[in-house]
Amino acid sequence: MKNIKNRKIAITILTGFLGSGKTTFLKNYVNYLLNNQEKPRVIVNEYGNLDVDSYTLGNQIEVASILNGCVCCDSQLDLIKQLKHFINKSAMHHIIIEATGIAHPLEIIAACQDPEIAESVDVPTIIGLVDGPQFLKRKLYTNNTKDLMEEQLKVCHAIIVNKMDLVKNDTKAALNDLEELNPNAAIEYTTYAECDIAQLLYHSNVSSTSDITRHGHHNGINSLVYTFTGPIDRQLFYQFILRLSDNVLRLKGYVKFHDAPMDTYEFQYANGLPDYHVINQSMELKIVLIGEQLDINQLRNKLDVIQFT
């Protein structure tokens with residue numbers, strides 16, 4: 001896949017529950033990138049069939065809409081396809097994905113690290129928007145909704161607590177729960193999602209210079225891309241999958257085995273469960289692992305053993 005002067009493309013994922021202010025921040029973020037000589041493209045995901053957000057950005061940048069589905073599940077292939085389209089464009093440095101309010105960002109990270117594009121892009125930076133009053137009332141929602149709201153924030157590198165003008169003084173201390181959910185994230189308290197974006201990125205260990213693609217430590221979420229040169233031993237690979245530690249959150253890739261060298265298998269791994277099947281197309285034999293504080297060297301060594309046995 002073509003890459004512009006071998007420079008990896010930055011990806012920012014904007015996450016946050018419904019009504020938290022993602023689109024308001026998105027407009028501010030786009031202006032920030034343009035002022036820093038970045039050339040962003042935006043992917044807007046709406047669970048329904050009506051796209052409102054892309055119209056608010058005007059004509060200054062290219063915006064792609066993914067409707068009638070969530071990019072963390074049923075529309076994930078559409079997201080990968082759109083990412084590939086943008087990656088192949090010239091003079092483009094940054095892709096922003098505004099996720100629907102019910103999306104889980106970890107699944108979007110997995111899409112952004114798909115084997116077909118992983119070597120062209122950086123590990124995504126995740127910025128979470130929080131509706132302050134809504135967060136304080138989260139226990140009134142169903143357990144599933146409450147858990148989703150919290151899980152969206154746990155993987156963020158930066159958190160913007162919005163609508164602080166609507167938070168009563170005697171309840172502000174309860175917002176400290178955010179620091180317990182994600183002690184590594186930079187947190188800003190705002191109204192109308194207005195904040196110093198350069199400072200926010202700096203404190204979240206992301207470069208605050210115009211070369212915003214140079215990411216620092218990503219709060220424990222990292223990844224490994226590994227390429228096989230040919231078919232491998234089936235049993236050794238199965239054992240590798242079954243022995244993955246709990247901090248490996250996702251695996252996806254394509255492999256061939258010695259006992260069926262003409263077949264290409266697509267492998268998926270999530271929540272401790274593997275899934276695989278033969279596909280009817282030729283793919284590069286590559287896998288991507290995503291997790292929390294992965295020991296990259298150890299994993300690479302184990303895969304080398306499989307490769308060369």
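Treat the numbers as computed from the prediction; the structure is a model and nothing was measured.

**Some points on the nonpolar core**
Thought 1: Judged by nonpolar contacts, the single largest core of 43 residues is most densely connected at Leu83, Ile95 and Ile97.
Thought 2: Here this core takes six residues from helix 4 (residues 105–112), the largest share from any one element.
Thought 3: With 23 residues, the next largest nonpolar core counts Leu224, Phe237, Tyr238 and Leu299 among its residues.

**Structural notes on the confidence of the model for the chain**
Thought 1: Confidence in the prediction of the chain, expressed as mean pLDDT, is 83, and 85% of residues score 70 or more.
Thought 2: Ignoring residues within four places in sequence, the model shows residues 206–219, a span with pLDDT below 50, making 46 contacts including any to other chains.

**Looking at the layout of surface pockets**
Thought 1: Here the second largest pocket defines a volume of roughly 210 Å³.
Thought 2: For the second largest pocket, the lining is made up of 13 residues, of which Leu77, Glu116, Lys252, Tyr254 and Gln281 are closest to its centre.
Thought 3: Mapped by element, the contributors of at least two residues to the lining of the second largest pocket are helix 3 (76–87) and strand 9 (248–257).
Thought 4: Element by element, the count of residues in the lining of the second largest pocket is highest for helix 3, at four residues.
Thought 5: Looking at the lining of the second largest pocket residue by residue, the class counts come to five nonpolar, two polar and six charged.

**Topic: unusual backbone geometry**
Thought 1: Phi is positive for Lys163, which is not a glycine, with a value near 65°.
Thought 2: Mapping Lys163 onto the fold places it in the loop between strand 6 (158–162) and helix 7 (177–181).
Thought 3: Even without glycine at this site, Tyr192 takes up a positive phi of about 60°.
Thought 4: Overall, Tyr192 belongs to the exposed group, its relative accessible area being 59%.

**So, the pairing of strand 12 (residues 286–292)**
As a general feature of sheets, a regular strand has side chains that alternate between the two faces.
Thought 1: Across the seven residues that make up strand 12, a large majority, six, are buried.
Thought 2: Alignment of strand 9 against strand 12, held across five bridges, turns out to be antiparallel. Directly across from Lys252, in strand 12, lies its bridge partner Val288.

**Considering the pattern of salt bridges**
Where charged atoms from two side chains of opposite charge come close, those side chains can pair.
Thought 1: A complete count under the given rule lists ten salt bridges for this structure.
Thought 2: Between Arg41 and Glu62 there is a salt bridge, with the nearest N and O atoms lying 3.4 Å from each other. Placement of the pair is Arg41 in strand 2 (residues 40–45) and Glu62 in the loop between helix 2 (53–56) and strand 3 (63–66), with a sequence separation of 21 residues.
Thought 3: Residue class for Glu62 comes out partly exposed when judged on its relative accessible area of 28%.
Thought 4: Through salt bridges that share partners, Arg138, Lys146, Glu150 and Asp177 make up one connected network.

**Remarks on the packing of helix 9 (residues 234–242) against helix 10 (residues 296–308)**
Packed helix pairs are specified by the crossing angle of their axes together with the interaxial distance, meaning the distance between the axes.
Thought 1: Interhelical geometry of helix 9 versus helix 10 gives an angle of 160° and a closest axis separation of 9 Å. Comparing their axes, helix 10 and helix 9 come out roughly antiparallel. Along this stretch, helix 9 crosses helix 10, giving a crossing that reads as right-handed. Across the interface between the two elements, Leu236, Phe237 and Phe240 of helix 9 pack against Leu299, Lys302, Leu303 and Ile306 of helix 10.
Thought 2: Partitioned by chemical class, the residues of the contact of helix 9 with helix 10 number six nonpolar, no polar and one charged.

**Digging into the sheet that holds strand 2**
Thought 1: If you walk across this open sheet you meet the seven strands as 3-2-4-1-5-6-7, and the pairing is parallel. The two strands at the open ends of the sheet, each matched to only one other strand, are strand 3 and strand 7 (186–189). Across the sheet, the mean angle separating the axes of adjacent strands is 20° when strand polarity is ignored.
Thought 2: As defined by bridge partners, strand 5 (residues 125–131) adjoins strand 6 across five bridges and the pair is classed as parallel. Paired with Gly128 across the strands is Ile159, a residue of strand 6.
Thought 3: The strands that helix 4 touches are strand 1 (10–15), strand 4 (94–98) and strand 5; relative to strand 1, the one it contacts most, it runs at about 160°.

About the cut-offs
Residues numbered from 1 in each chain as written. Predicted model: local features only at pLDDT ≥ 70, side-chain atom pairs only at ≥ 80, totals over all residues. Heavy atoms only, no water. Core = buried A, V, L, I, M, F, W, Y, C linked by side-chain atoms within 4.5 Å. Buried < 20%, exposed > 50% of the residue type's maximum accessible area, 1.4 Å probe, protein only. Helix = DSSP H or I, 4+ residues; strand = E, 2+ residues; numbered from the N terminus. pLDDT = per-residue confidence, 0-100. Contact = heavy atoms within 4.5 Å. 1 Å grid on protein atoms, 1.4 Å probe; cavity = no way out; pocket = protein on both sides within 12 Å on 5 of 7 lines; lining within 4 Å. Points joined across faces, edges and corners; volume = space filled by probe spheres on them. Nonpolar A, V, L, I, M, F, W, Y, C, P; charged D, E, K, R; others polar. Pairing = 2+ DSSP bridges. Salt bridge = Lys/Arg side-chain N within 4 Å of Asp/Glu carboxyl O. Axes fitted to C-alpha atoms, helices over the stretch in contact; angles between N-to-C directions. Parallel < 35°, antiparallel > 145°, perpendicular 65-115°, else oblique. Left-handed = near helix turned anticlockwise from the far one by under 90°.

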